[in-house]
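An overview of the molecular structure
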Amino acid sequence: MHRDVFGQFAEHLGHGIYDGIWVGPRSRIPNDAGYRRDVLDALKAINVPMVRWPGGCFADEYHWRDGIGPASKRPVKVNTNWGGINEDNSFGTHEFMGFVERLGAKAYVSANVGSAPPSETAQWVEYITAPANTSVLAKERGKNGHAGPWKLQYLGIGNELWGCGGNMRAEYAADLTNRYAQFAKSANGPMLKIASGPSDENYEWTRDLMRIAGKNIDGLALHYYTRPRDKDWNDKGPAIGFSEREWATTMAHTLRMEEFITKHSKIMDETDPAKKVMLAVDEWGTWYDPTPGTNPGFLMQQNSLRDAVVAGLNLNIFAHHADRVRMAAIAQMVNVLQAMLLTDGPRMVKTPTYHVFDLYKPWQDATTLPIEVTSPWYHLDEVAVPAVSASAVKDAAGRVHVALVNLDPNRAVPLSVAIQGVQASTASGRIITAATMDAHNSFDQPNAVAPAPFNGAQVANGALTVTLPAKSVVVLDLQ
């Protein structure tokens, strides 16, 4: 399973970057050249492999030249997508590349296809990757404080071209993808080009993009957000204080990710049977109604045990499709939607989702293993879904790790798990669970939902047996 599946998304949206990642070098909040130290330390601890920036819908109104040079001379513009607030461009290309350097992560830049010509994308790539003093743009980068080139591992060819990126037809978007991809050339190592792919079940978009542009891209982006109430984007349901029915619908809607990946992959197989083009799920996560009292354009929401279970379900699904899903990015990194971290002035708290990513660290660059689980069903009203999701991997050292998610909020599930070709005698690990469905961490109670030791599993005669507590995520290490 490629480590980049555990990527993150950071958009110029609400407090995702400003106050979340970036406070500026003059801030009283402890920082490293403007980057929050607490956020950097927390993200490095979960081995963040890749960061996508600057959007999102923001990307197709972003002009990279606005974010270079002295911060005091950068133009102030209005963020028309998210809250209508001023964007001072103090976090631009140099700041982003400095951020991923500090994390030891790969850079994924989303180019502006919606409102900028191909030359702007080509020049941005040159500015980032051209060797020192080799071109006008390389020399300009040096004058701005970074003589040498950076590596740009991923380039997004626009974002949601079917929607906020331009409201395009698939055929037109595919032609533009070919055009922009043709002229964007890295001068410092491989750069994978990711086309703006489908949302949800828009299978015809995938078919047209692959047919017309498939030979010129390295990846096709899939976006899918889990909402408890998925009929109306203006009534998605609350992040906490929800009913069991909204727990159940959230789980059922999350599990549709399996369907979407399976069907989009099958269509991609028609023109790419060798799976050279990845399906990059570079926006996924939960999307609820904004926290009451906050700017609705900031997409601020609390993060509960429900989100931890959703994260585990999605990561298991990605593991099932490791041959095609080789990159993904949860939305978003800090303070926005299904965030890893929440900040408030000098305070920071790790969310239940963060802790799931911590538990799944052994999945990064590990080999996925076949795993067989016979699951009971969780029923509520019209919702009926398997109660247990599982995945297993073998890491580079030969250790086997098993993830088990019980989405039933009421009942523990006894399991016997078969993992092919595994010889082990002991099983130990950690669990994330809590007494209530909407248990969450706050600045006053930062450890209400946190991993705890789990010793309720046994290995005997080649079988793993475990009683999986209700509404839990368990990761086991077998030896």
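Higher on the page you've got the structure.
As a starting point, this report considers the structure included with it. (Residues numbered from 1 in each chain as written. Predicted model: local features only at pLDDT ≥ 70, side-chain atom pairs only at ≥ 80, totals over all residues. Heavy atoms only, no water.)

What follows is about helix α10 (residues 352–359). Burial runs high along α10: eight of the eight residues are buried. Residues of α10 that are buried include every one of P352, T353, Y354, H355, V356, F357, D358 and L359, and no others. (Buried < 20%, exposed > 50% of the residue type's maximum accessible area, 1.4 Å probe, protein only. Helix = DSSP H or I, 4+ residues; strand = E, 2+ residues; numbered from the N terminus.)

A separate point is the nonpolar core. If you look at the biggest cluster of nonpolar residues, it comprises 134 residues, and the most contacted ones within it are V51, F91, F99, W284, F318, Y360 and L478. Here the element with the most residues in this core is helix α9 (residues 305–320); it accounts for ten residues. If you look at the next biggest cluster of nonpolar residues, it comprises 19 residues, including L13, W287, L299 and A329. (Core = buried A, V, L, I, M, F, W, Y, C linked by side-chain atoms within 4.5 Å.)

Moving on, we get to the pattern of salt bridges. Evaluation of the coordinates by the stated rule reveals 30 salt bridges. Between R256 and E201 there is a salt bridge, with the nearest N and O atoms lying 3.1 Å from each other. In this pair, R256 sits in helix α8 (residues 256–271) while E201 sits in the loop between β9 (192–195) and α6 (203–213), placing the two residues 55 residues apart along the sequence. Residue class for E201 comes out partly exposed when judged on its relative accessible area of 41%. (Salt bridge = Lys/Arg side-chain N within 4 Å of Asp/Glu carboxyl O.)

As a further point, take the sheet that holds strand β19 (residues 388–394). In space, the six strands of this open sheet follow the order β15-β19-β20-β26-β22-β23, with antiparallel pairing throughout. Of all strands in the sheet, those with a lone pairing partner are β15 (367–369) and β23 (452–454), marking the two edges. Here the strands of the sheet are splayed against their neighbours by 25° on average, with no regard to which way each runs. Of the strand pairs in this sheet, strand β20 (residues 400–406) and strand β26 (residues 472–478) are connected by seven bridges, and their pairing is antiparallel. Bridged to L404 within β26 is V474. Set on the sheet, α9 makes contact with β15, β19, β20, β22 (427–432) and β26; between it and β19 the angle comes to about 55°. Its contacts with the sheet place α10 against β22 and β26, and it is angled at close to 165° to β22. (Pairing = 2+ DSSP bridges. Axes fitted to C-alpha atoms, helices over the stretch in contact; angles between N-to-C directions. Contact = heavy atoms within 4.5 Å.)

An order of β16-β21-β25-β24 is seen for the four strands of this open sheet, with the pairing classed as antiparallel. Of all the strands in the sheet, the pair left with one neighbour each is β16 (371–373) and β24 (457–460). Neighbouring strand axes in the sheet, compared pairwise and without regard to direction, differ in orientation by 25° on average. Strand direction decides the pairing type here: β24 and strand β25 (residues 463–468), joined by four bridges, are antiparallel. Residue pairing across strands places V459 opposite L464, the latter belonging to β25.

Spanning twelve residues, helix α3 (residues 118–129) covers 17 Å between terminal C-alpha atoms, matching the ideal 16 Å at 1.5 Å per step. α3 sits mainly inside the fold: nine of its twelve residues count as buried. Among all positions of α3, only P118, E120, T121, A122, W124, V125, Y127, I128 and T129 are buried. On its buried face, α3 sits against β4 (50–53), α2 (93–103), β7 (106–111), α4 (136–143), β8 (154–157) and α5 (170–183). (Expected span 1.5 Å × (residues − 1).)

This part takes up the packing of α6 against α8. Relative to each other, α6 and α8 sit at 30°, their axes nearing to 9 Å. On the basis of the axis angle, α6 is roughly parallel to α8. For α6 against α8, the interelement crossing comes out right-handed. Contacts from Y203, T206, R207, M210 and R211 of α6 reach α8 at E259, F260, K263, H264, I267, M268, E270 and T271. (Parallel < 35°, antiparallel > 145°, perpendicular 65-115°, else oblique. Left-handed = near helix turned anticlockwise from the far one by under 90°.)

For the rest of this paragraph, the subject is the packing of aromatic side chains. Following the criterion strictly, the structure yields 18 aromatic pairs and no others. With a centroid separation of 5.9 Å and an interplanar angle of 85°, the aromatic rings of F6 and F357 are classed as edge-to-face. With F6 in the segment before β1 (7–9) and F357 in helix α10, this residue pair connects regions lying 351 residues apart in the sequence. With respect to class, F6 is no different from F357; both count as buried. For the pair W53 and F96, a centre-to-centre distance of 4.7 Å together with 15° between the ring planes defines the contact as stacked. Residue W53 is located in strand β4, and its partner F96 is located in helix α2; the two are separated by 43 residues in the primary sequence. In textbook terms, an aromatic cluster arises when at least three aromatic residues are bridged by ring pairs, as seen for W22, Y35, W53, F58, Y62, F91, F96, F99 and W124. (Phe/Tyr/Trp six-rings, centres within 6.5 Å; stacked < 30°, edge-to-face > 60°.)

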